[in-house]
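Single-letter residue listing:
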Amino acid sequence: MSSPLRYLRLSLHGPNASRRAIGYLSQYGDILRVSFDADYINDAQRPTLSLSYVGTNEAETRAILSATRDVRLSRSDGRWPVYFQNLLPEGHNRERLAQQRRCSPDDEFELLAAAGHDLMGAVEVAPVDAQEAIPDVVRNWHTALGLNELAAGMVEVPVEDAASLPGMVTKFSAIMDGRRYVVRRNGAAGSVILKLPTSRHPDLVANEFCGYQLARAIGLDCAQAAVITRSEADLPDNVSCSEILAVTRFDRGADGQRIHMEEFAQVLQYSPKQKYGKGLQTDTIAMLRILDRLSDEPARDVAEFVRRFVIFILMGNTDAHLKNWALMYANGRAPALAPLYDPVCVTAFFNDAPAADYCINRAIDNTVRAFSWDDLGAILKQAGLLRSSRLLQIARATVKQAQADWPALLGDAPLNMRLSISERLDGGVRLSGI
């Protein structure tokens, strides 16, 4: 007996709380496919789902969106195309979602269906009534493969209050109910991310909150974060911790409307397992080129990116991978650099961990410790930035400002973080030796 064809409706919320259906996500055995609606493909003013689906001109974009065989649209290994893979949670969050859905953590179709009402950005997916005829845009592609006998399979509705939050740290999606943070949202999309410490790093909340304070002190655009107590959050009874980091989602508006965003891993087509990309220089050049050529405000975004880049080196944030840099689409179409998030001093944990731990982060730290102003200048030139000398001045001024302002702020930081960053400010990395 052949497998049933299961599918989901794919929608994209836009400005002014509008929502537009743009296609379908389907599964037949190990084949997972995204099929875009004809009116979305043919609309030159279409809202942007991802820059990975945008060509160098309108004809190329339409060719991508309507392609028969393109890994951005279909795969036959049981995995979603990379854009949708990066919408799924990782680690404990993925396991929790799989338990809620009663499916395997490897069942990417079910995981996305389970959390379809609370995904990153303005994307939403929902099951379609199995009694309806299979949409032509879905049927035609699958029958082109010789699958002539297609029967629609039932897909369960999303799990109430489930959410997909990228990242490895245990997180919950919440809304504010008075002064309490509530994860039982009655189907509403969350507006706050609650991040828990780990048993291995009980000071993780304090570490990241201090990272936000350091970044904000020198004028960087950051997500809003606060430390709350366990009593302020309505979490499952088995969650025990004294402090929680509450991060206000910048992909949600004041009235709960969804604002589209995507991580650079999605833009550059890296799977979650490839989130560290091709290396510091290659990935930085790629991100700068995108901001310079496509951003609504390229000068602002490029300068902000460069400032964050040097600050992360001083901060010891060696985990600023491609899932921790993002774009936003406030008007639904043009990208802009999203606020800074996940500013963790990872190097603070090195001395407490075996040498084999944090292998990738230790290797990155060796690279950024040796990173020079000439290296940064070379990256800016290779990215094709015409104002590279001015950007270097901005970067140097940012380092000086951090050296002047951060010591006072580090007084309340965890000791391991204070020691790590102080050493870096005092010449532990080449960029601090101005």
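Below, the structure is looked at part by part.

Thresholds, definitions, all that
Residues numbered from 1 in each chain as written. Predicted model: local features only at pLDDT ≥ 70, side-chain atom pairs only at ≥ 80, totals over all residues. Heavy atoms only, no water. Phe/Tyr/Trp six-rings, centres within 6.5 Å; stacked < 30°, edge-to-face > 60°. Helix = DSSP H or I, 4+ residues; strand = E, 2+ residues; numbered from the N terminus. Buried < 20%, exposed > 50% of the residue type's maximum accessible area, 1.4 Å probe, protein only. Core = buried A, V, L, I, M, F, W, Y, C linked by side-chain atoms within 4.5 Å. Contact = heavy atoms within 4.5 Å. Disulfide = S-S within 2.5 Å. Axes fitted to C-alpha atoms, helices over the stretch in contact; angles between N-to-C directions. Parallel < 35°, antiparallel > 145°, perpendicular 65-115°, else oblique. Left-handed = near helix turned anticlockwise from the far one by under 90°. Nonpolar A, V, L, I, M, F, W, Y, C, P; charged D, E, K, R; others polar. Pairing = 2+ DSSP bridges. Salt bridge = Lys/Arg side-chain N within 4 Å of Asp/Glu carboxyl O.

**Looking at the packing of aromatic side chains**
To describe a pair of aromatic rings, you give the distance between the ring centres and the angle between the ring planes. Enumeration according to the criterion identifies twelve aromatic pairs in this entry. Ring geometry for phenylalanine 312 versus tryptophan 325: centroids 5.5 Å apart, planes at 70°, classification edge-to-face. With phenylalanine 312 in helix 10 (residues 298-315) and tryptophan 325 in the loop between helix 10 and strand 13 (326-329), this pair connects stretches of sequence that are 13 residues apart. The exposure classification of phenylalanine 312 matches that of tryptophan 325, with both residues buried.

**Quick look at the nonpolar core**
By size, the foremost hydrophobic cluster in this structure holds 104 residues, and its most contacted members are Phe36, Leu49, Tyr53, Phe84, Phe264 and Trp406. In terms of residues, this core owes the most to one element, helix 10, which gives eleven residues. Not counting residues up to four positions away in its chain, the partners in contact with phenylalanine 36 are Leu10, Ile22, Gly23, Ile41, Leu49, Tyr53, Leu65, Leu73 and Val137. Counting 14 residues, the second largest nonpolar core, distinct from the first, contains Ala174, Leu196, Ile228 and Leu235.

**Here's the deal with the state of the cysteines**
Throughout this description, disulfide means a covalent bond between two cysteine sulfur atoms. All told, the structure shown has zero disulfides when counted by the stated rule. Sulfur of cysteine 210: no disulfide; nearest cysteine sulfur belongs to cysteine 345 and is 8.6 Å away. No disulfide involves cysteine 359; its sulfur sits 18 Å from that of cysteine 345, the nearest cysteine.

**So, the packing of helix 7 (residues 204-217) against helix 13 (residues 388-409)**
Look at helix 7 against helix 13: their axes get within 10 Å of each other, and the N-to-C directions meet at 140°. Viewed along their axes, helix 7 and helix 13 adopt a mutual orientation that is oblique. As for the relative orientation of helix 7 and helix 13, their crossing is right-handed in sense. Here helix 7 contributes Cys210, Gln213, Leu214 and Ala217 to the contact with helix 13, which in turn contributes Gln401, Asp405, Trp406 and Leu409. Here the residues of the contact of helix 7 with helix 13 are counted per class, giving five nonpolar, two polar and one charged.

**Here's the deal with the sheet that holds strand 12 (residues 260-263)**
Read across the open sheet, the three strands follow the order 12-13-14; overall the sheet is antiparallel. Lying at the two open borders of the sheet, with one neighbouring strand each, are strand 12 and strand 14 (336-337). As paired elements, strand 13 and strand 14 share two bridges and run antiparallel to each other. From the neighbouring strand, methionine 328 faces strand 14, where its bridge partner is alanine 336.

**Focus: the pattern of salt bridges**
Within the structure shown, the criterion is met by 31 salt bridges. Note that arginine 252 is salt-bridged to aspartate 118, the shortest N-O span being 3.1 Å. Taken as a pair, arginine 252 in the loop between strand 11 (243-248) and strand 12 and aspartate 118 in the loop between helix 5 (108-114) and strand 5 (123-127) lie far apart in primary sequence, 134 residues in all. Here arginine 252 falls in the buried class, since its relative accessible area comes to 7%. With a relative accessible area of 0%, aspartate 118 lands in the buried category. A salt bridge links glutamate 297 to arginine 300; its shortest N-O distance comes to 3.2 Å.

**Digging into the pairing of strand 1 (residues 6-13)**
Sheet faces and side chains relate simply in a regular strand, where the side chains alternate between the two faces. Taken across its eight residues, strand 1 has seven buried, putting it largely inside the fold. Counting the residues that bridge the hairpin from strand 1 to strand 2 (residues 19-28) gives five residues, and of these asparagine 16 lies at a positive phi of roughly 65°. Bridge count for strand 1 against strand 5 is five bridges, and the pairing is antiparallel. When the bridges of strand 5 are listed, arginine 9 appears paired with alanine 126.

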